[in-house]
Amino acid sequence: MNRSFETHIIREEKSLDGLWNFKMKGFEKNYTLPVPGCWEQHPDFISHRGKGTYSKTVCVKKTSNLRLEFKGVSHTADVYFDGKKIAHHYNAYTPFSAILKNVTAGEHELKVEADNTFGEHSALHIPNDYYTYGGIIRPVTMEYIPDVYIKHIHFTPLFENGAWSGKTQVCISNISSCNKTITLRTSLADKVCEKTVEIGADCEIICEFEQIYTDIKPWSSSNPHLYLLKAEIDGDDLIERVGFRTISFDKTRLYINGESVFLKGVNRHEDFASFGSALSLQMHCTDLDLIENLGANAVRTSHYPNDERFLDMCDERGIFVWEENHARGLELEQMQNPNFERQCKDCIYEMIQNHYNHPSIIIWGILNECASNTCEGAQMYKTQFEQIKTLDTSRPTSFASNKRYTDLSLGYPDIVSYNIYCGWYHVNDSNAELNRLYDWIQTTDGKDKPMIISEFGAGGIYGYRDSARAKWSEERQMDILEENINTYLNNNKLTGIFIWLFADCRVDESWSFGTRPKSQNNKGLFDIYRREKLALSKVKELFK
Ligand code: ADA
C-alpha cells in the first residue's frame with residue numbers, strides 16, 4: 001500500500017511491489033532484487049554507481065487503459081512497456097506516472113532502467129553530504145482507468161468570519177479521441193456536490209467548487225482531525241484526505257488556526273543502514289515514534305520531497321512539516337548547470353502537485369544552502385519562490401541559508417531561516433551569534449519576517465564516550481546541543497528550530513566532506529541503526 005488510506009473504491013489497482021529481475025550494466029549475472037529497494041543492499045553493489053535494469057512480467061486481467069505510478073526511482077528512470085518507451089523522469093524523490101491506452105489482456109513486460117550516475121545530466125543529484133542510492137526506492141502501482149479518469153484533487157481550506165469554507169479543484173482527464181459528458185460527484189464533511197461537464201477529446205479540465213462547511217473539527221497539532229474528500233465519475237473515483245487548518249504569520253510568529261506555534265523540530269534524511277533510501281512503512285513509522293517520543297512537533301524533509309506514507313503519518317499525528325525541493329549546498333557554478341532550472345522547476349511542480357493536500361505541510365522550502373549570496377543565485381531564488389506562489393498561496397515559504405551577513409535573497413521567502421553551527425563550525429556563544437545575526441537581518445529585505453534556525457548541531461560518534469568530552473564524543477555533541485537549545489528556546493525572536501540531524505546518514509565519499517568519520521554525517525541524535533546517543537535524553541528534557 002503506497003498511502004496510509006484507501007485512495008480508490010471503484011478504480012482497480014494492483015501493487016507491483018515484490019521481487020523484480022535485475023541486471024546491472026557491466027555485470028554478467030542476473031539478479032532478483034526487491035522493489036522498493038536500493039541496489040546498494042546487495043553485496044555486489046554496496047558502493048556501485050551505474051545503470052541497472054529492473055524487469056517484470058505484469059499480468060493485465062482485462063483489456064483496459066492503464067496508469068502506472070512510480071513513487072520514486074533513483075535518480076533517473078526510463079520506463080518501457082513491451083519494449084516501447086513510456087516515461088522518462090529525473091529525481092529520486094518525486095513521483096511520476098505513465099498512461100497506457102487500450103492495453104490487451106494478458107502478459108506484458110515492464111522494464112525500468114534506473115541510473116544513479118553523476119554528471120552534467122544531473123544538476124541536483126551530485127556527490128553530497130547524503131547518499132544518492134540507486135533503484136526503485138518507493139512503491140509502484142498499476143491502475144485500470146476508464147477513458148475519462150480523475151487525475152488529481154486539490155483542497156484549500158479557508159476560515160473567514162468564524163466559518164470554515166474550502167475550495168475543491170478536481171482535475172479530470174479525457175484520454176479518448178471523442179468529446180465526453182460526465183457527471184462529477186464530490187463529498188466532504190457535510191457537503192455533497194454534483195456537476196455535469198463536457199470534456200474535449202484528449203483534454204483535461206478542472207472543476208472547481210467553493211463551499212461552506214459546518215461543524216468542522218479543525219486539524220491541529222494536538223487534535224489532527226482528518227476528513228476524506230471523495231470524487232466520483234462513472235467508472236472511476238479518487239479519494240484524498242484533507243484537514244481544515246489555516247497558516248498565517250506576522251513579523252515574528254507563525255500561527256496555525258490563529259494560534260502561535262513554536263516549531264521544535266528535527267531534520268531528517270530518508271536513510272536507514274543498509275536499506276538506504278528505500279525505507280519501509282515500518283521504518284517511517286518507527287522514525288515518527290522516535291520523533292514524537294523526543295517531544296518534537298516538527299520535521300524538515302532535508303533536502304528533498306519525502307515518501308507520501310511518511311507525510312500521511314505526519315498528518316495523522318499532527319507533526320508539522322517543512323517540505324523542500326531537492327538541492328543541497330550548490331555553488332553558483334553548479335546552479336548554472338544547463339539542467340538546473342528545469343530540474344528544480346519539475347521538482348517543485350511535482351512536490352506541490354502531489355503533496356498539496358497534506359495539512360501537516362506548513363512550509364514549502366527550496367535550495368538549502370545554495371548561492372543565495374550572489375546576484376545570479378538570488379535571481380534563481382526569486383524565480384523559484386514565484387513558481388511556488390503560482391501553485392500554492394496558502395503556505396508560507398522559506399529557505400535555509402548559511403550565507404551569514406552576505407545573503408542577498410532574504411527578501412523573497414516569507415520566513416527567514418538560517419543554518420548556524422555554534423560550538424561546531426562557528427563561534428561558541430549561540431546567544432551572541434543569534435542576536436548579531438538577527439540585528440543584521442533587520443538591516444536587509446529579510447526584516448520584519450519570522451525567523452527559524454533551520455539547522456544546528458554537532459557530530460557525535462555512536463559509542464564514543466569520553467570524560468574529556470573530546471570533539472566527536474557523544475558528550476561533546478550533547479553539550480553543544482544543550483547550549484544551543486537553551487539559547488533558542490529562550491529567545492522570542494524565533495518561531496522554530498530544527499536540530500541537525502535526526503539520525504546519522506551515509507555520505508558520498510567522493511564529496512569534499514568525504515573525510516567524515518565512517519563516511520557518515522554523524523550529527524544524528526540516533527545512529528544510522530536508530531540506536532540512541534547520549535544527547536537524546538538531554539534534548540528530550542529540553543524539548544519537553
Ligand atoms: C549543512 C547542510 C546539511 C549538512 C550540515 C553539516 O548545514 O545543510 O546538509 O551538510 O551542514 O552536517 O555540516
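Counting from 1, residues in each chain are numbered in the order their sequence is written. Side-chain atom pairs in this predicted model are given and counted only at pLDDT of 80 or more, local residue features only at pLDDT of at least 70, and totals for whole chains, interfaces and linings cover all residues. Values shown for side chains rest on all heavy atoms present in the structure; no hydrogens or waters enter the calculation.

1. Remarks on the environment of Cys193
The helix and strand labels rest on DSSP assignments: H or I over at least four residues marks a helix, E over at least two residues marks a strand, and numbering proceeds from the N terminus. Mapping Cys193 onto the fold places it in strand β16 (residues 191-199). For Cys193, a relative accessible area of 12% corresponds to the buried category. In sequence terms Cys193 and Thr132 are 61 residues apart; their C-alpha atoms lie 45 Å from each other. When near neighbours in sequence (up to four residues on either side) are disregarded, Cys193 contacts Leu184, Arg185, Thr186, Phe209 and Gln211. A simple rule labels every residue: compare its accessible area, found with a 1.4 Å probe on the protein chains alone, to the largest value its type can have, and call it buried under 20%, exposed over 50%, or partly exposed in between. The contact criterion used is simple: two residues touch if any of their non-hydrogen atoms lie within 4.5 Å.

2. A look at the sheet that holds strand β29 (residues 451-456)
Ordered by their spatial adjacency, 8 strands build a closed barrel running β23-β24-β25-β26-β27-β28-β29-β30, and the pairing between neighbours is parallel. Averaged over all neighbouring strand pairs, the angle between strand axes comes to 25 degrees, with direction disregarded. Relative to strand β30 (residues 494-499), β29 runs parallel, the two being bridged by 4 bridges. Its bridge partner being in β30, Ile453 is matched across the sheet by Ile497. Note on pairing: two strands pair once DSSP finds at least 2 bridges between them. Helix axes are fitted to C-alpha atoms over the stretch in contact, other axes to C-alpha atoms as well, and angles between N-to-C directions run from 0 to 180 degrees.

3. So, the side chain of Ser55
On the secondary structure map, Ser55 appears in strand β4 (residues 51-60). Ignoring anything within four residues of it in the chain, the contact list for Ser55 reads Trp20, Asn21, Glu109, Leu110 and Lys111.

4. So, the packing of helix α6 (residues 430-441) against helix α7 (residues 474-489)
With their axes 9 Å apart at the nearest point, α6 and α7 run at an angle of 45 degrees to one another. Compared by their axis directions, α6 and α7 come out oblique. Crossing of α6 against α7: the hand is right-handed. Contacts between α6 and α7 involve Ser430, Asn431 and Leu434 from the former and Glu483, Asn484, Thr487 and Tyr488 from the latter. When its residues are assigned to classes, the contact of α6 with α7 shows 2 nonpolar, 4 polar and 1 charged. Roughly parallel means an angle under 35 degrees; roughly antiparallel means over 145; roughly perpendicular covers 65 to 115; every other angle is labelled oblique. What makes a crossing left-handed is the near helix being turned counterclockwise from the far one by less than a right angle; a clockwise turn instead makes it right-handed. Residues were grouped as follows: Ala, Val, Leu, Ile, Met, Phe, Trp, Tyr, Cys and Pro as nonpolar; Asp, Glu, Lys and Arg as charged; and all remaining residues, including Gly, as polar.

5. Re the site of the ligand
Consider each residue's heavy atoms; a residue with any of them within 4 Å of a molecule or strand counts as near. The immediate surroundings of the ligand are formed by 13 residues, with Asp129, Glu369, Tyr425, Glu455 and Lys523 found nearest. Asp129 is positioned such that a nitrogen or oxygen atom in its side chain is 2.4 Å from an oxygen atom of the ligand. Side-chain polar atom of Arg328 to an oxygen atom of the ligand: 2.8 Å apart, as the coordinates give it. Using the Shrake-Rupley algorithm and a 1.4 Å probe, accessible areas are obtained, with residue cover drawn only from the displayed protein chains. Notes on the ligand: free accessible area 320 Å², of which the protein chains cover 97%. Classifying every residue of the shell around the ligand by side-chain character gives 3 nonpolar, 4 polar and 6 charged. Polar contact is defined as a pair of N or O atoms within 3.5 Å, subject to the rule that within protein one atom must be able to donate a hydrogen and the other to accept it, and that residues adjacent in sequence are counted only when both atoms are side-chain atoms.

6. A look at unusual backbone geometry
Residue Pro36 follows Val35 across a cis peptide bond; omega there is -5 degrees. With respect to the helices, strands and loops of the structure, Pro36 is situated in the loop between β3 (31-35) and β4. The step from Ser74 to His75 runs through a cis peptide bond, and the omega angle for that step is -15 degrees. Turning to its location among the elements, His75 is positioned in the loop between β6 (73-74) and β7 (76-81). Notably, Asp448 is not glycine yet its phi reads approximately 60 degrees, a positive angle. Note on placement: Asp448 falls in the loop between α6 and β29.

7. Some remarks on helix α2 (residues 308-317)
The buried fraction of α2 amounts to 9 of the 10 residues, a majority that puts the element mostly inside the structure. Contacts from the buried residues of α2 go to β19 (236-242), α1 (281-293), β24 (298-300), β25 (320-324), α4 (340-355) and β26 (361-365). Once α2 ends, the next one or two residues include Gly318, with phi positive near 70 degrees.

8. Brief notes about the packing of α4 against helix α5 (residues 375-391)
Taken N-terminus to C-terminus, the directions of α4 and α5 make an angle of 30 degrees; their axes are 10 Å apart at the nearest point. Put simply, α4 runs roughly parallel to α5. At the point where α4 passes α5, the crossing takes the right-handed sense. The segment α4 lies against α5, with Phe340, Cys344, Lys345, Ile348, Tyr349 and Ile352 engaging Met380, Gln384, Gln387, Ile388 and Leu391.

9. Concerning the pattern of salt bridges
Only one rule defines a salt bridge in this text: a Lys or Arg side-chain nitrogen within 4 Å of an Asp or Glu carboxyl oxygen. Evaluated as defined, the whole model comprises 38 salt bridges. For Arg49, the salt bridge is made with Asp508, and the minimal N-O distance between the two is 3.1 Å. Here Arg49 is found in the loop between β3 and β4, whereas its partner Asp508 is found in the loop between β31 (505-506) and β32 (520-521), with 459 residues between them in sequence. Overall, the relative accessible area of 22% leaves Arg49 in the partly exposed class. Here Glu541 ties to Lys538 by a salt bridge, and the two come within 3.5 Å at their closest N and O atoms. Here the residue Glu541 and the residue Lys538 both occupy positions in helix α8 (residues 535-543), the gap between them amounting to 3 residues, near one helical turn. Take Glu541: its relative accessible area is 53%, and that puts it in the exposed class. In this structure Lys538 comes out as buried when scored by relative accessible area, which is 16%. Where salt bridges share partners, they join Arg3, Arg11, Arg67, Glu69, Lys71, Glu143, Asp236, Glu308 and Asp312 into one cluster.

10. Quick look at the packing of aromatic side chains
Think of it this way: a Phe, Tyr or Trp ring, Trp meaning its six-membered ring, pairs with another when their centres are within 6.5 Å, and the plane angle makes it stacked under 30 degrees, edge-to-face over 60, tilted otherwise. Counted according to the given criterion, the structure contains 27 aromatic pairs. Taking the centre distance of 3.8 Å and the plane angle of 15 degrees together, the rings of Tyr93 and Tyr304 count as stacked. Of the two residues, Tyr93 sits in the loop between β8 (84-90) and β9 (96-103) while Tyr304 sits in the loop between β24 and α2, which places them 211 residues apart along the sequence. With centroids separated by 5.8 Å and ring planes inclined at 55 degrees, the aromatic side chains of Tyr130 and Tyr304 adopt a geometry described as tilted. Pair noted here: Tyr130 is in the loop between β10 (106-115) and β11 (135-136) and Tyr304 is in the loop between β24 and α2, with a separation of 174 residues, a long-range link. You'll find Tyr130 and Tyr304 in the same group, each marked buried. Here the aromatic cluster, defined as three or more aromatic residues joined through ring pairs, consists of Trp20, Phe22, Phe27, Tyr31, Trp39, Phe45 and Tyr54. For Arg49, the ring lying beneath its charged end belongs to Tyr131, and the centroid distance is 4.9 Å. Whether a charge lies above a ring is judged from NZ of Lys or CZ of Arg, which has to be within 6 Å of the ring centre and within 35 degrees of the ring normal. Arg268 extends its terminal NZ or CZ atom over the ring of Phe310, reaching a point 3.9 Å from the ring centre.

11. Quick notes on the sheet that holds β4
Ordered by their spatial adjacency, 6 strands build an open sheet running β3-β2-β4-β10-β7-β8, and the pairing between neighbours is antiparallel. If you trace the sheet from one side to the other, it starts and ends with β3 and β8, each paired once. On average, adjacent strands in this sheet sit at an angle of 30 degrees to one another, irrespective of strand direction. Sheet analysis places β7 next to β8, joined by 6 bridges and oriented antiparallel. Bridged to Thr76 within β8 is Tyr90.

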